[in-house]
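Chains, contacts and geometry: an overview
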Amino acid sequence: GEKIQFVRPERVDVVVRHSPIYCPYCGRELDLREDIDGGVCPACDELVVKQHTVAAHTLVFDGDRVLVVRRTAGRRQGTWGFPGGHAEVTESPAETASRELHEETRLAIAPSRLTLETILHEQNPDGTVYLDVAYVGDRGDTSGELRPNESEVSAAEFVPVGELGERSLFRDGDARRALSVYADR
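It should be emphasised that the depicted structure is a prediction, and the values quoted were computed from it without experimental measurement.

Some details on the overall build of the protein chain
Within the protein chain, the regular secondary structure consists of two helices and ten strands. The linear arrangement of helices and strands in the protein chain, starting from the amino end, is β-β-β-β-β-β-β-α-β-β-β-α. Residue pairs at least 24 apart in sequence account for 60% of intrachain contacts in the protein chain once pairs closer than 6 positions are excluded. Element-wise, carbon and sulfur atoms account for 45% of the exposed surface of the protein chain, whose accessible area totals about 10500 Å².

Description of helix α1 (residues 93-105)
An α-helical segment advances 3.6 residues per turn. Residues three or four places apart therefore align on the same side. The terminal C-alpha atoms of α1, which comprises 13 residues, lie 18 Å apart, in line with the 18 Å expected from a rise of 1.5 Å per residue. Of all the 13 residues making up α1, ten are buried; the element is thus mostly covered by neighbouring parts of the structure. Of the residues making up α1, those classed as buried are Ala94, Thr96, Ala97, Ser98, Arg99, Glu100, Leu101, Glu103, Glu104 and Thr105. On its buried face, α1 sits against β4 (53-62), β5 (65-71), β7 (84-86), β9 (129-138) and β10 (153-160). Remark: arginine 106 follows α1 within two positions and exhibits a positive phi of approximately 70°.

A look at the side chain of arginine 99
Structurally, arginine 99 can be placed in helix α1. On the accessibility criterion, arginine 99 (5% relative accessible area) is buried. Side-chain polar atoms of arginine 99 contact the side chain of glutamate 91, separated by 2.5 Å.

Definitions and cut-offs
Residues numbered from 1 in each chain as written. Predicted model: local features only at pLDDT ≥ 70, side-chain atom pairs only at ≥ 80, totals over all residues. Heavy atoms only, no water. Helix = DSSP H or I, 4+ residues; strand = E, 2+ residues; numbered from the N terminus. Contact = heavy atoms within 4.5 Å. Areas by Shrake-Rupley, 256 points an atom, 1.4 Å probe, with all protein chains shown as cover. Expected span 1.5 Å × (residues − 1). Buried < 20%, exposed > 50% of the residue type's maximum accessible area, 1.4 Å probe, protein only. Polar contact = N/O pair within 3.5 Å; in protein donor to acceptor, adjacent residues only side chain to side chain.

Taken by themselves, the reported measurements are silent on function.
As structure tokens, then:
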């Protein structure tokens, strides 16, 4: 299979996840605008706006089974879901899905082997917005031994798609979506 290498860049652009007040480049107070959630830096002349958080996850199928992980931390602690997480600034969503799959389960898959399934829009009570890009992959396209990374997930296992409804899933529609994707395969 393809060898996958994850590289972190030395310098990245700044992503603002909450309503900006100060310039992330020079620290000056922004001239806030009413027509956008942000403003313009009087020193840099840069437009600074609130950005959505991009995340990605992967539904990995092995026959009639799909891979699920149990979260160990954060607001998802204790729930089951599909491997995934936040995008790094320099990553495409497919690269994020590939990296997160490897970080959480030790399974590797090339981003080019993932198929876009859907993009989910989620607004949190604090007003932050997640755009979660969902991909589908096949166990036959992965390499490595399935082993949970216990700093992120307490369990990682393939379960029959029909049994997903018996798990405490993070999103209400996850089991229904997995069944739909499975039926279309």
